[in-house]
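Coordinates in review
Okay, here's what each chain looks like letter by letter:
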Amino acid sequence: MGFAGKSAVAGCVGFMALLGTPVPSTAVAEQCANPTGTYTAAVPWGQRLIDPVRLWPLSRGAGQLVAVIGTGVDGGNGQFAPGQLLGGPGTEAEDCDGRGTIAAGIVGAQPDPSTTFTGIAPGAKILPIRYTQVNGGGDPGQLAGAIETALNRGAGIILIAVPAASDSPALTGAVSRAKEKGALIVSPAAGTQQGQTSYPTATPGVLAVGSTNQAGEAVQTESGSYVGISAPGAELVSTSAGAGGTVAHRWPVSDPSLAAAHVAGVAALVRAYHPELSPEQVVARLTLTAHRGPSGGHDPRRGWGAIDAYAAVSASIPAGTPGPGGPPSVGPDTFVVPAAAPAPTRADKVSGVLAISGVALAIAAGVVVAAVRRGKRRGWKPSRFRAS
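Residues numbered from 1 in each chain as written. Predicted model: local features only at pLDDT ≥ 70, side-chain atom pairs only at ≥ 80, totals over all residues. Heavy atoms only, no water.

**Considering the overall build of the protein**
A tally of regular secondary structure across the protein gives 13 helices and eight strands. Per-residue burial over the protein gives 56% buried out of 388 residues. Sequence-distant contacts in the protein: of pairs separated by 6 or more residues, those separated by 24 or more amount to 74%. (Helix = DSSP H or I, 4+ residues; strand = E, 2+ residues; numbered from the N terminus. Buried < 20%, exposed > 50% of the residue type's maximum accessible area, 1.4 Å probe, protein only. Contact = heavy atoms within 4.5 Å.)

In structure tokens, the structure reads:
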């Protein structure tokens with residue numbers, strides 16, 4: 001049975017439990033997610049696109065607390081470091097469904113010699129919070145409570161691993177309080193049926209993430225002006241629940257929600273390297289440095305383009321630069337174009353290894369940078385993507 005099938009079954013078991021229907025313990029154990037094995041093949045394509053190893057000399061996400069809100073995170077996977085997954089009030093170190101463990105692995109799984117898979121920000125701490133086991137989302141009120149728990153525990157980045165299919169005043173209020181406390185909420189546009197909208201993905205103040213496959217094509221059906229950026233969400237590898245203390249994985253996993261895990265991991269790298277940035281400034285940095293699509297503008301399913309982690313962390317962007325689609329005097333197509341650079345050092349931030357092409361000029365004169373043409377020629381594929 002594939003991951004999607006196991007998630008559906010596990011979700012049904014969780015739903016029965018939520019309804020108060022007795023579920024035999026043997027049935028729960030049999031239906032919970034389990035590993036495919038230990039992944040030893042070529043570096044997964046999503047990991048190659050992010051290229052976290054190139055970024056680690058600059059940032060590993062140290063000092064960042066990332067809340068993973070969804071189905072819990074199985075702390076028994078050996079690719080999480082001791083003490084990396086925080087316990088305490090509101091946390092859940094078990095994950096029958098498996099989706100939370102997969103998302104957490106993308107964010108922060110440790111490099112290990114037994115596998116080619118690694119997380120993006122292994123220096124970050126993870127706060128696992130369960131609010132649902134239901135496949136397809138959960139109650140928005142319970143999700144709001146989970147966000148409040150994350151805020152009370154001091155999370156600076158809140159990853160919604162499983163969004164809700166409807167909104168509520170409580171959920172909108174939780175998003176507002178996250179903004180007040182300086183926490184960045186990252187949530188996927190996960191709807192795969194026509195007309196579906198995910199929450200708090202569509203709520204103002206949330207970084208909404210679209211999902212793409214290796215060809216740069218949108219995976220999800222959900223679309224809207226609120227989608228800010230895109231990241232890998234199909235044919236992925238990550239940590240598995242049910243590993244029992246070993247290093248073990250699930251693959252291939254295709255789930256639009258996992259695109260947000262990639263963005264949350266990169267956001268942890270950005271905030272660790274630029275601790276002075278507000279959530280809005282982090283979002284501006286991520287979207288300004290994204291690889292644009294053929295039109296050079298906003299795409300309703302892929303946002304302002306595919307995430308470019310190296311540029312997002314190391315580009316020197318003037319303070320106060322708005323993101324794309326900002327004030328009219330800036331223009332909707334302003335973005336950062338990094339020049340080719342050698343392996344980074346800490347001095348790169350000062351010396352400007354990643355040059356800004358046209359941002360300052362765009363701010364002064366409201367012009368569109370020439371790199372739009374570069375994006376059109378390249379399409380949605382990032383220029384540094386390479387075969388393993």
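**Here's the deal with the packing of aromatic side chains**
According to the stated counting rule, one finds one aromatic pair in the structure shown. Geometrically, the ring pair formed by Tyr39 and Trp251 is edge-to-face, given 5.1 Å between the ring centres and 80 degrees between the ring planes. You can see Tyr39 sitting in the loop between α2 (25–31) and α3 (45–50) and its partner Trp251 sitting in strand β8 (residues 249–253), a full 212 residues away along the chain. Residue classification places Trp251 among the partly exposed positions, given a relative accessible area of 29%. Between Arg54 and the ring centre of Tyr310, over which it is positioned, the NZ or CZ distance is 3.7 Å. (Phe/Tyr/Trp six-rings, centres within 6.5 Å; stacked < 30°, edge-to-face > 60°. Lys NZ or Arg CZ within 6 Å of the ring centre and 35° of its normal.)

**Section: the environment of Pro188**
Looking at the secondary structure, you find Pro188 in strand β4 (residues 184–188). Classification of Pro188 by relative accessible area gives buried; the value is 0%. The spacing of Pro188 and Val206 is 18 residues in sequence and 9.7 Å in space, taken between C-alpha atoms. Ignoring anything within four residues of it in the chain, the contact list for Pro188 reads Ile160, Pro163, Ser198, Thr201, Val209, Pro256, Ser257 and Ala260.

**Things to note about the pattern of salt bridges**
Enumeration according to the criterion identifies four salt bridges in this entry. Note that Arg130 is salt-bridged to Glu92, the shortest N-O span being 3.8 Å. One end of the pair, Arg130, is in strand β2 (residues 125–130); the other, Glu92, is in the loop between β1 (65–70) and α5 (99–108), and 38 residues separate them in sequence. By relative accessible area, which is 22% here, Glu92 ends up partly exposed. When the shortest N-O distance is used, the salt bridge between Asp299 and Arg302 registers 3.3 Å. Arg302 sits in the buried class, given a relative accessible area of 16%. (Salt bridge = Lys/Arg side-chain N within 4 Å of Asp/Glu carboxyl O.)

**Points about the state of the cysteines**
By definition, a disulfide links the sulfur atoms of two cysteine residues through a covalent bond. Under the definition given, this model contains one disulfide. The partner cysteine of Cys32 in its disulfide is Cys96, sulfur to sulfur 2.1 Å. Taking the sign of the S-S torsion, -105 degrees for the link of Cys32 and Cys96, the bridge is left-handed. Within this pair, whereas Cys32 is found in the loop between α2 and α3, its partner Cys96 is found in the loop between β1 and α5, the two being separated by 64 residues in sequence. (Disulfide = S-S within 2.5 Å.)

**Quick word on helix α9 (residues 279–288)**
Burial runs high along α9: seven of the ten residues are buried. All of the buried residues along α9 are Pro279, Val282, Ala284, Arg285, Leu286, Thr287 and Leu288. The secondary structure elements touched by the buried residues of α9 are β4, β5 (207–212), β6 (227–232), α8 (258–273) and α10 (309–314).

**As for the nonpolar core**
Formed by 75 residues in total, the largest nonpolar core has its most connected members in Ile69, Ile147, Ile158 and Leu286. A total of twelve residues in this core trace back to one element, the largest contributor, which is α8. (Core = buried A, V, L, I, M, F, W, Y, C linked by side-chain atoms within 4.5 Å.)

**Some remarks on the sheet that holds β2**
Within a beta sheet, neighbouring strands are joined by backbone hydrogen bonds and run either parallel or antiparallel to one another. One open sheet accounts for six strands, arranged β2-β1-β3-β4-β5-β6; its pairing is parallel. The sheet is open, and its two edges are formed by β2 and β6, each paired on a single side. Direction aside, neighbouring strands of the sheet carry axes that sit 25 degrees apart on average. The pairing of β1 with strand β3 (residues 157–160) spans four bridges and is parallel. Note on β3: the bridge partner recorded for Val68 is Leu159. (Pairing = 2+ DSSP bridges. Axes fitted to C-alpha atoms, helices over the stretch in contact; angles between N-to-C directions.)

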